[in-house]
Amino acid sequence: MSDNNNNKTTTTDHHDADTTAFFDEFEQETKQEYKKCSISQTFDNVFQCYTLGAQAVHYYRYGEKKDCSSYYEDFKFCLSTKTKSNQVGDSMIKKRELEKQAQKNQLRSSEEVWEARDLKNIFDLK
């Protein structure tokens, strides 16, 4: 019987060490700040894009129906990150943000459309 008690103690100690290691790893994981996307927020963005008000404003301004495919792609992307580990999801989100910023930088800026005025002529009351 003394052998059984020794085996139980060893097995219990082994599980305690594994449990401790698991919780240590879990604590380290939760301390790190990972980028995450909100499924509810991305879904709300898709829904908002398709609302009558948003479509009417876009039609009034641009004369065409608003394309909501980018919002839907963001929603699908966010769903795909939820099945990945925190580290993989974080890297996917950072990569996508860089790609979207690069696309945005290629678009025309409002500075290209408007002409700069000379302040001296604006306040001249002659």
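Throughout, a residue's number is its position along its own chain's written sequence, starting from 1. pLDDT decides what is reported in this predicted model: residues at 70 or higher carry local features, side-chain atom pairs at 80 or more are listed and counted, and totals for whole chains, interfaces and linings draw on all residues regardless. The basis for every side-chain value is the complete set of heavy atoms in the structure, and neither hydrogens nor water enter the calculation.

1. Side note on the packing of aromatic side chains
Link 1 in the chain: Centres within 6.5 Å are what make two rings of Phe, Tyr or Trp a pair, Trp counting through its six-membered ring; a difference in plane orientation under 30 degrees is then read as stacked, over 60 as edge-to-face, and the rest as tilted. A complete count under the given rule lists 1 aromatic pair for this structure.
Link 2 in the chain: When the ring of Phe-43 is compared with that of Phe-75, the centres are 5.7 Å apart and the planes differ by 55°; the resulting orientation is tilted. One end of the pair, Phe-43, is in helix H2 (residues 39-50); the other, Phe-75, is in helix H4 (residues 69-81), and 32 residues separate them in sequence.
Link 3 in the chain: Burial classes: relative accessible area under 20% of the type maximum marks a residue as buried, over 50% as exposed, and values in between as partly exposed (1.4 Å probe, protein chains only). By relative accessible area, which is 15% here, Phe-75 ends up buried.
Link 4 in the chain: Two conditions define a charge sitting above a ring: the NZ of Lys or the CZ of Arg must be within 6 Å of the ring centre, and it must be within 35 degrees of the ring normal. The cationic tip of Arg-96 hangs over the ring face of Phe-77; the distance from NZ or CZ to the ring centre is 4.6 Å. Strands are runs of DSSP state E lasting at least two residues, helices are runs of H or I lasting at least four, and both sets are numbered from the N terminus onward.

2. Considering the layout of surface pockets
Link 1 in the chain: Buriedness of a pocket was judged along seven lines, with at least five required to meet protein on both sides within 12 Å; pockets are open sets of points on a 1 Å grid over the protein atoms alone, cavities are sets where a 1.4 Å probe fits but cannot get out, and lining residues have an atom within 4 Å of a point. Grid points are joined across faces, edges and corners, and a volume is the space filled by probe spheres set on the points. Approximately 160 Å³ is the volume attributed to the largest pocket.
Link 2 in the chain: Contributing to the lining of the largest pocket are Lys-36, Cys-37, Thr-42, Asp-74, Phe-77, Cys-78, Ile-93, Arg-96, Glu-97 and Lys-100.
Link 3 in the chain: Among the secondary structure elements, those contributing two or more residues to the lining of the largest pocket are H4 and helix H5 (86-106).
Link 4 in the chain: Residues are grouped as follows: nonpolar covers Ala, Val, Leu, Ile, Met, Phe, Trp, Tyr, Cys and Pro; charged covers Asp, Glu, Lys and Arg; every other residue, Gly included, is treated as polar. Of the residues contributing to the lining of the largest pocket, the split by class is 4 nonpolar, 1 polar and 5 charged.

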